[in-house]
Every structure is written in C-alpha cells, then in structure tokens.
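Each chain, written out:
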Amino acid sequence: MLLGVNIDHIATLRNARGGFEPDPIKAADICEANGGTSITTHLREDRRHIKDEDVYTLVKTIKSKLNLEMAMADDIQKIALEIKPYSICIVPEKRQEVTTEGGLDVAGQLEKVSDFIKPLLDAGIIVSLFIDPDEEQVKASAKTGAQFIEMHTGAYAEAFGSDKEEIEFLKLKNSAKLAQELGLRVNAGHGLNYENVYRMHEIPGLYELNIGHSIISRAVFTGLPEAVRKMADLIK
Ligand code: PXP
C-alpha cells in the first residue's frame, strides 16, 4: 500500500503569517525523501491553504507524483489541464467547511461528473472520485470513466474504538470489493491516524492512502524539541 502525503496544512501554517515559512515545496521534498509515494494537495476555490503558484511550482519540482484534489470548478479544471498533474481527485467543496465533509455525490450527478472529468482523462491525467463507501456511489463512479475511487474514511475514523467501528469498517471493505469487481482501483483517506490506519491492511487491494492532518500534527511534536534546542543555543 502506498502513502500519499497531504501537505495542505503546511500551507495553512505559512498563510497564518503571510510569509514564506514553512514552505510547502520543501515539505513535499521531505515527504518524498521519507516514504511518501505521492504528494497530495487541494487547490480549494477559496485558496485557503495551497495557492496557484504552489501547484505550478510543485508540478515542476516533485520527484514522485502530484495528486491534485479539486472541486468541479471550471477555473481549477483549467489550471489542472495546464499543469497536468499525475492524478486528480475530485472532491465536493463547501466554502464554510473546516475540511472536506462527506464524499462527492456521483450517483446524483452522473452526467455532470462524467462530462467534467472527460477533458482531464483525455489529457492523460488519472482521475479519482472521492466518495463515501456506499454501494450506489461506487456503482455510479464505475460508469464515469474514472480509473480510481478514493473512499472517504472519515466516518470510520470517527467511529474508531466505538461500537460503530465495525459497521463503518465493513462499509469500506465491501465498497472496496465492489469497486474492484467493477474495474476501479481504490484509494482511501481522511481522518486516518497512527491508531486507526492499521485496519486498512484488512482491505484487500487498497492502492494508496492519502493522509495529512495526523502526519503534520505529529511532525510538530517530533520536530519541536530540536527547534527549541536550536533557538535556545542561538540565544545563549
Ligand atoms: N483525501 C481527501 C480527498 C481529502 O480531502 C483529505 C483532506 O484534505 C484527505 C484525504 C486527508 O485527510 P486528513 O488530513 O484527515 O488526513
């Protein structure tokens, strides 16, 4: 199973001060050097974290694969067709949400999704649809021409350790099986952390996990001792 590292939160931190630090491009480099097999980033319509210039630079500097998350927005599709990332993951997007809430409703807008992804597929970009682990959504996704689905693991992550865990986990397992029977490849992500990730191995054929928040959160604490020591030394 491969690891796509989502670097959006590096950009969130950078934007908090409006300067250049921490640099998401440098972060991508570190992720690739340490086992990240692709770099994922979400160019949101509100440009809350990653900005246009970041993706234009990333696509040139990245050594692994750039997976660009995007909503079905024409202006972002235009950028995608210009930079041609290795893959694109279509996500739903609401302006006020804290993070991507829920999967894309493919079943309810099959024609719209199929039409939107066609130019991307024609340009040779791999397309993935971020959907809830739901039979209807999986079946609809298989009709769009997309090669991948990414299963939203948020409900599983929230239920982890509770009596609902098994129900949510089985939704993932069954959806992955159905998707693969229908010829789709399967990724997963959202809310995965150092405790709940291990069960992903119980899902046969999972290709890649996209993980961001838990990695960046952990990095703060694993990096903090060195950062403080260095500053303390300088001040001395
Ligand atoms: N996959 C998709 C499609 C996402 O939108 C996100 C969140 O931006 C992730 C994976 C990563 O989620 P998390 O930051 O919770 O690991």
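Considerations on the environment of Gly36
Link 1 in the chain: Its location among the elements puts Gly36 in the loop between helix H2 (24-33) and strand E2 (38-42).
Link 2 in the chain: Classification of Gly36 by relative accessible area gives buried; the value is 7%.
Link 3 in the chain: It is 11 Å that separates the C-alpha atoms of Gly36 and Ile62, two residues lying 26 residues apart in sequence.

Comments concerning the pattern of salt bridges
Pairing is possible between side chains of opposite charge, provided their charged atoms come close.
Link 1 in the chain: Counting across every chain of the model gives 15 salt bridges.
Link 2 in the chain: Among the salt bridges present, the one from Asp52 reaches Arg47, with a minimum N-O distance of 2.4 Å.
Link 3 in the chain: Judged by its relative accessible area of 22%, Asp52 falls in the partly exposed class.

A short note on the environment of Glu202
Link 1 in the chain: When you line up the elements, Glu202 lands in the loop between strand E7 (185-189) and strand E8 (206-211).
Link 2 in the chain: The class for Glu202 is partly exposed, based on a relative accessible area of 34%.
Link 3 in the chain: In this structure the C-alpha to C-alpha distance between Glu202 and Lys173, which are 29 residues apart in sequence, comes to 7.8 Å.
Link 4 in the chain: In contact with Glu202, other than residues within four places in its own chain, are Phe169 and Lys173.

Examining the sheet that holds E7
Link 1 in the chain: Taken together, 8 strands build a closed barrel; the order of strands is E1-E2-E3-E4-E5-E6-E7-E8 and the barrel is parallel. Averaged over all adjacent pairs, the angle separating strand axes in this sheet is 25°, with direction ignored.
Link 2 in the chain: Here strand E1 (residues 2-6) runs beside E8; their pairing, made up of 4 bridges, is parallel. By the bridge assignment, Val5 is partnered in E8 with Ile211.
Link 3 in the chain: Packed on one face of the sheet, helix H6 (residues 135-142) meets strand E5 (126-131) and strand E6 (148-152) and runs near 165° to E5.

Each value, and the rule that gives it
Residues numbered from 1 in each chain as written. Predicted model: local features only at pLDDT ≥ 70, side-chain atom pairs only at ≥ 80, totals over all residues. Heavy atoms only, no water. Helix = DSSP H or I, 4+ residues; strand = E, 2+ residues; numbered from the N terminus. Buried < 20%, exposed > 50% of the residue type's maximum accessible area, 1.4 Å probe, protein only. Salt bridge = Lys/Arg side-chain N within 4 Å of Asp/Glu carboxyl O. Contact = heavy atoms within 4.5 Å. Pairing = 2+ DSSP bridges. Axes fitted to C-alpha atoms, helices over the stretch in contact; angles between N-to-C directions.

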